[in-house]
Amino acid sequence: MIDKERMPVHVAVIMDGNGRWAKSKGLPRLAGHNAGMKAMKKIVDHSDKLGIKYLTVYAFSTENWKRSITEVTGIFKLLVTYVNSDLQELVENNVKVKVLGNYSELPKDAVKSLEKTLADTADNTGLQFNIALNYGGRGEIKEAVRALGEKVAAGQLQPGDITEEMISDELSTGRLHADVPDPELIIRTSGELRLSNFLLWQSAYSELVFSDVLWPDFTPEEYEKAIAEYQSRDRRFGGR
Ligand code: IPE
Ligand code: IPE
Ligand code: MG
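Described below are features of the structure shown in this document. In this text the structure is predicted, and so the values were computed from the model without any measurement.

Structural notes on the site of ligand 2
- For ligand 2, the full set of nearby residues is Ile 14, Met 15, Asp 16, Tyr 58, Ala 59, Phe 60, Asn 64, Arg 67, Arg 188, Arg 194 and Ser 196.
- With respect to ligand 2, the side chain of Asn 64 contributes an N or O atom lying 2.9 Å from an oxygen atom.
- Between ligand 2 and Arg 67 there is a distance of 3.3 Å, counted from an oxygen atom to a side-chain nitrogen or oxygen.
- Burial of ligand 2 by the protein amounts to 77% of the accessible area it has alone, namely 390 Å².
- In terms of residues, the shell around ligand 2 owes the most to one element, strand S2 (residues 54-61), which gives three residues.

Here we look at the site of ligand 1
- The local shell around ligand 1 holds 13 residues, among which Asp 16, Gly 19, Arg 20, Arg 29 and Arg 67 are the closest.
- Between Arg 29 and ligand 1, the recorded distance is 3.0 Å, taken from a side-chain N or O atom to an oxygen atom.
- Take Arg 67: an N or O atom from its side chain is 2.7 Å from an oxygen atom of ligand 1.
- A total of 380 Å² of accessible area belongs to ligand 1 in isolation, and the protein chains cover 86% of it.
- Those elements giving two or more residues to the shell around ligand 1 turn out to be helix H1 (18-24), helix H2 (29-50) and helix H3 (69-92).
- Looking at the shell around ligand 1 element by element, the count peaks at three residues for H1.
- Of the residues that constitute the shell around ligand 1, the class distribution is three nonpolar, five polar and five charged.

Observations regarding the side chain of Asp 169
- Its location among the elements puts Asp 169 in helix H6 (residues 164-170).
- Among the residues examined, Asp 169 registers a relative accessible area of 16% and is labelled buried.
- Reaching out from Asp 169, the side chain makes a polar contact with the side chain of Arg 175 at a distance of 3.0 Å.
- Excluding residues that lie within four positions of it along the chain, Asp 169 makes contacts with Gly 174, Arg 175, Leu 176 and His 177.

Focus on helix H7 (residues 220-231)
- In this model H7 runs 16 Å from its N-terminal to its C-terminal C-alpha over twelve residues, within 8% of the 16 Å that 1.5 Å per residue would give.
- Within H7 the residues assigned to the buried category are Pro 220, Glu 222, Tyr 223, Ala 226, Ile 227, Tyr 230 and Gln 231.
- Contacts from the buried residues of H7 go to strand S1 (10-14), H2, S2, strand S5 (185-188) and strand S6 (207-210).

Considering the packing of aromatic side chains
- Inspection of the entire model under this criterion finds nine aromatic pairs.
- Relative to Phe 218, the ring of Trp 215 lies with its centre 5.3 Å away and its plane at 20°, an arrangement referred to as stacked.
- The class of Trp 215 is buried, set by a relative accessible area of 1%.
- For the ring pair Phe 218 and Tyr 223, a centre distance of 6.4 Å and an interplane angle of 65° mean the geometry is edge-to-face. Both residues of the pair, Phe 218 and Tyr 223, count as buried.
- Through pairs of rings, three or more aromatic residues link up here, namely Tyr 58, Tyr 135 and Phe 198.

Thresholds applied
Residues numbered from 1 in each chain as written. Chains lettered and ligands numbered in written order. Predicted model: local features only at pLDDT ≥ 70, side-chain atom pairs only at ≥ 80, totals over all residues. Heavy atoms only, no water. Near = heavy atom within 4 Å. Polar contact = N/O pair within 3.5 Å; in protein donor to acceptor, adjacent residues only side chain to side chain. Areas by Shrake-Rupley, 256 points an atom, 1.4 Å probe, with all protein chains shown as cover. Helix = DSSP H or I, 4+ residues; strand = E, 2+ residues; numbered from the N terminus. Nonpolar A, V, L, I, M, F, W, Y, C, P; charged D, E, K, R; others polar. Buried < 20%, exposed > 50% of the residue type's maximum accessible area, 1.4 Å probe, protein only. Contact = heavy atoms within 4.5 Å. Expected span 1.5 Å × (residues − 1). Phe/Tyr/Trp six-rings, centres within 6.5 Å; stacked < 30°, edge-to-face > 60°.

Written out as structure tokens, the structure reads:
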């Protein structure tokens, strides 16, 4: 059972296992991604019901471009369909959508749909739903270093005055961008035990919960199990 009084403020999810789910059913990989979108929608709705303030999902990494062109274009097509068909519902449910990652490098129609979603939900005040798309943790740290380097070169900042907070602010999750606190809980599905370049800086003290369930089979019940596991942990932050 989960304790509604001790909910994480920010939950981040590595939605993994779509391909294996499809394979186990003798279906093409894209059928797995399609089922994954449906699972994602349920988790967005459920996060809202549970009163979670921020949900971040890892939808496409900077390394996922290594996949076949058919799979990559198929994933973005599904994304456009999802965003367009569910946009009205997101607006009505007061969900605010943000994107982490360089989405301007995505196919044009995907960029257009995303920009519309960002604009149409910008004033919403409910759940903030961050979609990590063309996102990589090391890449965003590099961008932050560059941004601070520019300030140093322009004489606006002394290297010795750089703080951890300044670095956080420059990341895609930082105050200058999506403005999300570090996640208390990171969930990864499909039995893989790694971060795969997700929220490297922000996960310093996150609780990691791994589920063997493949993402398309990840239900609100499984989600609650992961939250219960988080609530059973003793978070010490280096103290005793
Ligand atoms: C996660 O599922 C979705 C993306 C990375 C886009 P995968 O496609 O990685 O599924 P598996 O790991 O091959 O089963
Ligand atoms: C991580 O899954 C990226 C997303 C879920 C979007 P991958 O399937 O790409 O990760 P690896 O390759 O198994 O580490
Ligand atoms: Mg995978």
